[in-house]
Amino acid sequence: MIELKNISKTFVTAGGNVDALNDISLKVKDGEIFGIIGMSGAGKSTLVRTINMLEKPTSGEVLIDGVNIANLSEKELRKVRQSVTMIFQGFNLLMQRNCLKNICFPLELHGIKKKDAEKKAMELLELVGLKDKALAYPSQLSGGQQQRIAIARALATNPKVLLCDEATSALDPKTTYSILELIREINKSLGITVIIITHQMNVVENICSEVAILDGGKIIECGKVQDIFSCPKSDAAKHLVYPESENLSEVRLGNGEASQKKFLRLVFKGHEAAVRPIVAELAVKTGIQGNIVFASTKRINGNGSGSMILELNSREEAEKACRFIEEIPDVLAQEITDYVQ
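This structure is a prediction, so every number in the text was calculated from the model and none was measured.

Cut-offs applied
- Residues numbered from 1 in each chain as written.
- Predicted model: local features only at pLDDT ≥ 70, side-chain atom pairs only at ≥ 80, totals over all residues.
- Heavy atoms only, no water.
- Helix = DSSP H or I, 4+ residues; strand = E, 2+ residues; numbered from the N terminus.
- Buried < 20%, exposed > 50% of the residue type's maximum accessible area, 1.4 Å probe, protein only.
- Lys, Arg positive; Asp, Glu negative; His and termini not counted.
- Salt bridge = Lys/Arg side-chain N within 4 Å of Asp/Glu carboxyl O.
- Polar contact = N/O pair within 3.5 Å; in protein donor to acceptor, adjacent residues only side chain to side chain.
- Contact = heavy atoms within 4.5 Å.
- Pairing = 2+ DSSP bridges.
- Phe/Tyr/Trp six-rings, centres within 6.5 Å; stacked < 30°, edge-to-face > 60°.
- Lys NZ or Arg CZ within 6 Å of the ring centre and 35° of its normal.
- Axes fitted to C-alpha atoms, helices over the stretch in contact; angles between N-to-C directions.

Draft legend 1. Expanded view of the side chain of Glu-221. By the element assignment, Glu-221 lies in strand β10 (residues 218-224). For the buried Glu-221, which has no salt bridge, the nearest side chain bearing the opposite charge is Lys-233, at an N-O separation of 5.3 Å. A distance of 2.7 Å separates a polar atom in the side chain of Glu-221 from the backbone nitrogen of Lys-233. At a separation of 2.6 Å, a polar atom in the side chain of Glu-221 contacts the main-chain amide nitrogen of Ser-234. Excluding residues within four positions of it along the chain, Glu-221 makes contact with Val-211, Ala-212, Ile-213, Ile-228, Pro-232, Lys-233, Ser-234 and Ala-237.

Structure follows, in structure tokens:
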């Protein structure tokens, strides 16, 4: 298990101190795929780098299987980093080495014989689906292929933990999906704990079971992905999960009776709720005719989910609609008030 206890990190700069992390505590269970998400500057990369001590915290503890690695010597930390490896947005491959030798590199550093290192590297190339690229150089590969080689290299030392720092941010959606599927398969087949740092909501939705939302160097929400994404509580989490709310001010300004309008967000948990014709039911059974401003469906960890923004004519209609929707299983309704007016 990985446990962070009261982690803070302050950078001393010419312009003064910068608090990148502020009293962060969280637990990541063995074999879990855990997501850490936030906007740029939230402290995500600094946080993930404290887990393998590439960035030493100003205060707090980083416990891996009960050992506080913040107290280890450099020699002891090198051993820890064999079991806690990392992949990056920029791939960080050695351009002068072919793919086989890139994967062999960490094994060479640990004194593994060349023949044994190459055998292991070929096994990993097969695992990531690039056995035929053993003698190719990084410049000859696509971005997705380079990231696969980086993943193979990270697995060379048989790690227990794989840290992914914005590992899919430089990739197109189709390639991102294939890399996430590879990470999922590695997690399942090898039992490796995966921690994913990202600002991409779809990455967390597709692969993570637990998520922490970071804002201003603090964890503002943490829990199961489906729970957090279905009903975020903090303003920062709502802006990440429901970015469409940012445009509601334009809807209001374009309507002469804007001051009377009310908006409801409906959240559907599960396939049956997501495909139910709730707006039609609302109109037939209550006489309320809402205007659909936004609607989407998606899958979170293989489960159907969806959300909708409904425009209503008055507070009375909004309250009546909420009472009606409260009776429908697996559907939540809440008035939206956190937009710019």
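Draft legend 2. Region of interest: the environment of Lys-115. The residue Lys-115 is located in helix α4 (residues 114-127) in this model. Classification of Lys-115 as exposed rests on a relative accessible area of 72%. Residues Lys-115 and Ser-73 lie 42 residues apart in sequence; the distance between their C-alpha atoms is 31 Å.

Draft legend 3. Local environment of helix α1 (residues 44-51). Judged by how many residues are buried, α1 sits mostly within the fold: six of eight residues are covered. In the segment just after α1, Met-53 is the residue with positive phi, at about 65°.

Draft legend 4. Broad picture of the pattern of salt bridges. Counting across every chain of the model gives nine salt bridges. Its salt-bridge partner being Asp-65, residue Lys-160 comes within 3.8 Å of it at the nearest N-O pair. With a gap of 95 residues between them, Lys-160 in the loop between α5 (143-155) and β7 (161-165) and Asp-65 in the loop between β4 (59-64) and β5 (67-68) connect regions that are remote in the sequence. Take Asp-65: its relative accessible area is 47%, and that puts it in the partly exposed class. Where Arg-97 meets Glu-108, a salt bridge forms, and the shortest distance between an N and an O atom there is 3.0 Å. Taken together, the residues Arg-97 in the loop between β6 (84-88) and α3 (99-109) and Glu-108 in helix α3 connect sequence positions 11 residues apart.

Draft legend 5. Summary view of the pairing of strand β2 (residues 16-28). Where strand β1 (residues 2-13) meets β2, nine bridges bridge the pair, whose relative direction is antiparallel. Its bridge partner lying in β2, Glu-3 is registered against Lys-27. What sits between the antiparallel neighbours β1 and β2 is a turn of two residues.

Draft legend 6. Broad picture of the packing of aromatic side chains. All chains considered together, the criterion is met by zero aromatic pairs. Just above the ring of Phe-11 sits the side chain of Lys-9; from NZ or CZ to the centre is 5.1 Å.

Draft legend 7. Summary view of the side chain of Thr-157. Looking at where Thr-157 falls in the secondary structure, it is placed in the loop between α5 and β7. Since its relative accessible area comes to 17%, Thr-157 is described here as buried. At 2.7 Å, the side chain of Thr-157 and the backbone oxygen of Gln-82 are in polar contact. Leaving out residues up to four positions away in the same chain, Thr-157 has contacts with Gln-82, Thr-85, Pro-106 and His-110.

Draft legend 8. Representation of the sheet that holds β1 within the structure. In spatial order, the strands read β2-β1-β4-β5; together these four strands make up an open sheet with antiparallel pairing. At either end of the open sheet lies a strand with only one pairing partner, and these are β2 and β5. Here β1 runs beside β4; their pairing, made up of five bridges, is antiparallel. Bridge pairing in β4 places Lys-5 opposite Glu-61. Running at roughly 120° to β1, α1 makes contact with β1, β2 and β4 of the sheet.

Draft legend 9. Structural context of unusual backbone geometry. Notably, Asp-23 is not glycine yet its phi reads approximately 55°, a positive angle. Assignment of secondary structure puts Asp-23 in strand β2. Positive phi values are uncommon outside glycine, yet Asp-65 reaches one of about 50°.

Worth remembering: the numbers are spatial, not functional.
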